[in-house]
Amino acid sequence: MNDEEYYAKVKWGKVGNRNRPNGKERDVLDRAIVAGAIESGHAPSDIVGRSRLAGLVDVRFTVYSLCMKSGVFTFMQLGRCMGKDHGSIMNGQNQVETRLSNDDHSWKKFRD
C-alpha cells in the first residue's frame, strides 16, 4: 500500500486512491468532507462510501461541488480521489447547481 492509499484509508475509509495527490488537493478534500460531515451529521466514511441513501448522496454531491468550485481539481482528479468516475462528479455538481437555482421548495427539499 503506497502513502496515498494509506492516507485515504486512515483519513476517511473508502476513498479512492490517486497517484500522489498534493497537499492542496488533500486540504480541499478534507475540508469539504469535514464540512459535509458537520452539517449533515453523517460520518465522513459514510459520505465517501458507496451508499445511495438520499441524505448521503446529497451531502456527497455537495462535497463534489465544493471541491470543484475550489479550482484545485479537474473532474477526473476528483473522481479518482473519491473512487468515482468523472461523470459521477459532473452529475453531482450539476444536481447541486440545479437544486440551488430552482425555487425555494426545491432548496428546502434538498436541505432536508
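Up top is the structure these notes are about.
If you're wondering where the values come from, they're calculated on a predicted model, not measured in any experiment. Every chain is numbered on its own, with residues counted from 1 as its sequence reads. With the structure being a predicted model, the display of local features is reserved for residues of pLDDT at least 70 and the display and counting of side-chain atom pairs for 80 or more, all residues being used for whole-chain, interface and lining totals. Heavy atoms from the whole structure form the basis of all side-chain values; hydrogens and water molecules are not counted.

K.L.:
Which parts of the structure should I look at to understand the environment of Val57?
P.N.:
Numbered from the N terminus, helices here are DSSP runs of H or I no shorter than four residues, and strands are runs of E no shorter than two. Looking at the secondary structure, you find Val57 in helix H4 (residues 54–69). Residues Val57 and Asp46, eleven residues apart in the sequence, show an inter-C-alpha distance of 9.7 Å. When residues no more than four places from it in sequence are discounted, the contact partners of Val57 are Ser51 and Arg52. Contact between two residues is taken to exist if any of their heavy atoms lie within 4.5 Å; hydrogens are not considered.

K.L.:
How should I be thinking about the layout of surface pockets in this particular structure?
P.N.:
It is the rolling of a water-molecule-sized probe over the atoms that shows where space remains empty. Approximately 230 Å³ is the volume found for the second largest pocket. Put plainly, a pocket is an open set of points on a 1 Å grid over the protein atoms alone with protein on both sides within 12 Å along at least five of seven lines, a cavity is a set where a 1.4 Å probe fits but cannot get out, and a lining residue has an atom within 4 Å of a point. What lines the second largest pocket is simply Arg50, Ser51, Arg52, Val57, Arg60, Phe61, Tyr64, Gly83, Lys84, Ser88 and Asn91. Those elements giving two or more residues to the lining of the second largest pocket turn out to be H4 and helix H6 (86–101). The leading source of residues in the lining of the second largest pocket is H4, at four residues. Each residue gets one of three labels, nonpolar for Ala, Val, Leu, Ile, Met, Phe, Trp, Tyr, Cys and Pro, charged for Asp, Glu, Lys and Arg, and polar for the others, Gly among them. Taken together, the residues of the lining of the second largest pocket sort by class into three nonpolar, four polar and four charged. Grid points are joined across faces, edges and corners, and a volume is the space filled by probe spheres set on the points.

K.L.:
Looking at this structure, how should I read the state of the cysteines?
P.N.:
Two cysteines form a disulfide when their sulfur atoms are joined by a covalent bond. The term disulfide is used for any two cysteine sulfur atoms that are within 2.5 Å. Considering all chains together, one arrives at zero disulfides under this definition. In this structure Cys67 is a free cysteine whose sulfur lies 8.3 Å from that of Cys81, the closest cysteine sulfur available. Overall, Cys67 belongs to the buried group, its relative accessible area being 0%. Burial status follows relative accessibility: with a 1.4 Å probe on protein chains alone, a residue under 20% of its type maximum counts as buried, one over 50% as exposed, and anything between as partly exposed.

K.L.:
Mind showing me how you'd approach the environment of Cys81 here?
P.N.:
Relative to the elements of secondary structure, Cys81 occurs in helix H5 (residues 75–82). The exposure class assigned to Cys81 is buried, which follows from its relative accessible area of 6%. For the pair Cys81 and Arg26, spaced 55 residues apart in sequence, the C-alpha separation works out to 9.1 Å.

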